[in-house]
Amino acid sequence: MNRLLQSLFLCFLPFTLLLNWAYAGNLPTCSGIVRMRHRPDVISITEFGGVGDGRTVNTAAFRSAIYRIQHLRSRGGTLLYIPPGVWLTGPFNLTSYMTLYLARDAVIRATQDTWSWPLIEPLPSYGRGRERPGGRYMSFIHGDGIHDVVITGENGTIDGQGEIWWNMWRQGTLKYTRPNLIELMHSKNIIISNVIFKNSPFWNIHPVYCSNVVLRYLTILAPYDSPNTDGIDPDSSSNVCIEDSYIATGDDLVAVKSGWDEYGIAYGRPSNGITIRRLTGSTPFAGIAVGSETSGGVMNVVAEHVNLFNTGVGIHLKTNIGRGGVIKNITVSDIYMDKVRKGIKIAGDVGDHPDNGYNPNALPRVDGVTLKNIWGVNVQLAGSLQGLRGSPFTRICLSNVNLSGTPLGASAVSWKCGDISGAAQLVHPSPCQELISSQSTSFCYGAV
């Protein structure tokens, strides 16, 4: 999406949020998972020496304010107020029972002194950094073992200034894996809402080993060619709800993960109960993805009412030999696509390996995937559904799927399939033989 369209979207964002709130009574929402907290104690970053002039480095101010929240807890917690201005800071940790509140026109901006960023251990379910062996840089805003945390405001901005990191990746000079914009580990009861995220060095929002997480009314932006700037990646987490947001990045808009090969298998924590709805976005990669790191298992995912434009793959389930794990009970419905290279892709040969220690006999299992009420125009290839010879993908249901090519109204290039079984009804262009000749199709009837 070009800068003009991004600017127009940001202008209309407050109106969009008002519409969401106005109709909240008629639409399913995340509010039952975690509720917004009133904080009786309010402090401002300026009380700790913060200066929002875009030049002063406020790392000490943020750390002092959060130290105060951590050690002088009031009943009900504390709100840290970030006034209008540009608040330059290095990475910092959040604590429990706090709200980080960004006023309108407040920007929390990452410093670019990459040499001073702390290093932390690799995630145990990955065994190493995702990009480089060894540790990884701490995320810009980080939390480990925290609960009852809110990041919200009046559509203020968290800016990762990622270009310096992207260039290091392009030039091959990275020593460790780039930092996420926000990563929360081993945490629960989290709300992130009404904030703009931009220019993340790596993945934008990464809840890992978390439960009860609500992500709503967000805008997530990065250039179309920025490397690995995934929007939201729930990872080995449960009860995560993502809704009513706009994402335009250089990689998958939402990717559900659960660990990498033998490390993810050993850690054994699945992603379970993930809800994704009412999103709009654009990316050269996937709109809604599962994987490719799925070794702990991914189950019970619902994605619905998603609009995708100028996107590489609309819906992408991806795994590989050595992953192990199971992907099951995935339902994707009410999707609109325009100018998409490939509508639907389910593949067992995607993604690399952390090292040579993976087990080539650890084959993933994919079972129970329903894709329904999907409409696409300007789609080059309807889809590719390729399982594994030693582990065919089963119970794949396509229902009420219509994907048109260019010019408008012509059929997209048809399907490519192998090592799958399932059923199809009301699919255009005509589905592959593997979804027509199945003996048992009752699981797909009534999916519309």
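Higher on the page you've got the structure.
For clarity, every value in this text was computed on a predicted model and none was experimentally measured.

S.K.: Describe the state of the cysteines, naming the residues involved and giving the relevant values.
M.R.: Summed over the entire model, instances satisfying the criterion amount to three disulfides. With its sulfur 1.9 Å from that of its partner, Cys417 forms a disulfide with Cys432. Disulfide Cys417-Cys432: torsion about the S-S bond near -70 degrees, hence left-handed. Of this pair, Cys417 sits in strand 24 (residues 413-418) while Cys432 sits in the segment after strand 25 (420-428), and the two are 15 residues apart along the sequence. Overall, the relative accessible area of 18% leaves Cys417 in the buried class. The disulfide pattern of the protein chain is 1-2, 3-6, 4-5 when the bonded cysteines are numbered in sequence order.

S.K.: Go over the packing of aromatic side chains with me, naming the residues and quoting the values.
M.R.: Here the structure, examined in full by the defined rule, presents 11 aromatic pairs. Judged by centre distance (4.7 Å) and plane angle (15 degrees), the ring pair of Phe62 and Phe92 falls under stacked. One end of the pair, Phe62, is in helix 2 (residues 59-71); the other, Phe92, is in strand 5 (residues 92-93), with 30 residues separating them in the sequence. Exposure class is identical for Phe62 and Phe92. Each is buried. Grouping aromatic residues by their ring pairs yields a cluster made of Phe62, Phe92, Trp117, Tyr137, Phe140, Trp165 and Tyr176. Note that Arg130 overlies the ring of Trp260, its terminal NZ or CZ placed 4.0 Å from the centroid.

S.K.: Break down the environment of Glu304 for me, citing the residues and quoting the values.
M.R.: Tracing the backbone through its elements, the reader meets Glu304 in strand 20 (residues 298-318). Given a relative accessible area of 18%, Glu304 falls into the buried group. With near-sequence residues (within four places) excluded, Glu304 lies in contact with Ile276, Arg277, Arg278, Ser333 and Asp334.

S.K.: So what about the pairing of strand 7 (residues 106-110)? Which residues, and what values?
M.R.: Taking burial as the measure, the five residues of strand 7 include four buried ones, the bulk of the element. Here strand 4 (residues 85-89) pairs with strand 7 via five bridges, running parallel. For Thr89, the partnering residue across the bridge sits in strand 7 and is Ala110. Sheet topology places strand 7 next to strand 12 (residues 156-159); three bridges connect them, and they run parallel. In the strand pairing of strand 12, Val107 is matched with Thr157.

S.K.: Outline the pairing of strand 10 (residues 141-144), listing residues and values.
M.R.: Looking at chain direction, strand 5 and strand 10 are connected through two bridges and run parallel. Within the sheet, the bridge partner assigned to Phe92 lies in strand 10 and is Ile141. Two elements, strand 10 and strand 13 (residues 182-185), share four bridges in a ladder whose sense is parallel. Bridging from a neighbouring strand, His142 pairs with Glu183 of strand 13.

S.K.: Describe helix 2, naming the residues involved and giving the relevant values.
M.R.: End to end, helix 2 covers 18 Å across 13 residues, agreeing with the expected 18 Å (1.5 Å per residue, within 8%). Residues of helix 2 that are buried: Thr59, Ala61, Phe62, Ala65, Ile66 and Ile69.

S.K.: Can you lay out the nonpolar core for me, pointing to particular residues and giving the numbers?
M.R.: Residues Leu80, Leu94, Ile158, Phe197, Ile276 and Trp415 are the most contacted members of the largest nonpolar core, which totals 88 residues. The leading source of residues in this core is strand 21 (residues 326-347), at eight residues. If you look at the next biggest cluster of nonpolar residues, it comprises eight residues, including Leu123, Met185, Trp203 and Tyr209.

S.K.: I'd like to hear about the environment of Ile274, residue by residue, with values.
M.R.: By secondary structure assignment, the location of Ile274 is in strand 19 (residues 271-290). The class of Ile274 is buried, set by a relative accessible area of 0%. Other than its neighbours up to four places away in sequence, Ile274 contacts Pro234, Ser237, Val240, Val256, Asn300, Val301 and Val302.

S.K.: Could you give an account of the sheet that holds strand 5, with specific residues and numbers?
M.R.: Taken in spatial order, the four strands of this open sheet run 5-10-13-15, and their pairing is parallel. One side of each edge strand has no neighbouring strand; the edge strands of this open sheet are strand 5 and strand 15 (205-208). Looking at chain direction, strand 13 and strand 15 are connected through four bridges and run parallel. Each bridged residue has a counterpart across the sheet, and for Glu183 the counterpart in strand 15 is His206.

S.K.: Summarise the side chain of Asp159; cite the residues concerned and give the values.
M.R.: For Asp159, the position within the fold is in strand 12. Within the structure, the side chain of Asp159 is placed 3.1 Å from the side chain of Arg109, a separation counted as a polar contact. Dropping the residues within four chain positions of it, Asp159 is found in contact with Val107, Ile108, Arg109, Ala110, Phe140, Leu181, Lys198 and Asn199.

S.K.: Tell me about the pattern of salt bridges, and name the residues and values.
M.R.: Counted under the stated rule, the structure contains 17 salt bridges. Note that Glu243 and Arg216 form a salt bridge whose closest N and O atoms lie 3.0 Å from each other. Placement of Glu243 in strand 17 (residues 238-248) and of Arg216 in strand 16 (residues 211-221) is noted, with a sequence separation of 27 residues between them. An identical accessibility class is assigned to Glu243 and Arg216; each is buried. Taking the shortest distance from any N to any O, the salt bridge between Asp252 and Lys318 comes out at 2.7 Å. Residue Asp252 is located in the loop between strand 17 and strand 18 (254-256), and its partner Lys318 is located in strand 20; the two are separated by 66 residues in the primary sequence. For the pair formed by Asp252 and Lys318, the shared burial category is buried. Through salt bridges with shared partners, a single network forms among Arg216, Glu243, Asp244, Arg277 and Arg278.

Each value, and the rule that gives it
- Residues numbered from 1 in each chain as written.
- Predicted model: local features only at pLDDT ≥ 70, side-chain atom pairs only at ≥ 80, totals over all residues.
- Heavy atoms only, no water.
- Disulfide = S-S within 2.5 Å.
- Helix = DSSP H or I, 4+ residues; strand = E, 2+ residues; numbered from the N terminus.
- Buried < 20%, exposed > 50% of the residue type's maximum accessible area, 1.4 Å probe, protein only.
- Phe/Tyr/Trp six-rings, centres within 6.5 Å; stacked < 30°, edge-to-face > 60°.
- Lys NZ or Arg CZ within 6 Å of the ring centre and 35° of its normal.
- Contact = heavy atoms within 4.5 Å.
- Pairing = 2+ DSSP bridges.
- Expected span 1.5 Å × (residues − 1).
- Core = buried A, V, L, I, M, F, W, Y, C linked by side-chain atoms within 4.5 Å.
- Polar contact = N/O pair within 3.5 Å; in protein donor to acceptor, adjacent residues only side chain to side chain.
- Salt bridge = Lys/Arg side-chain N within 4 Å of Asp/Glu carboxyl O.

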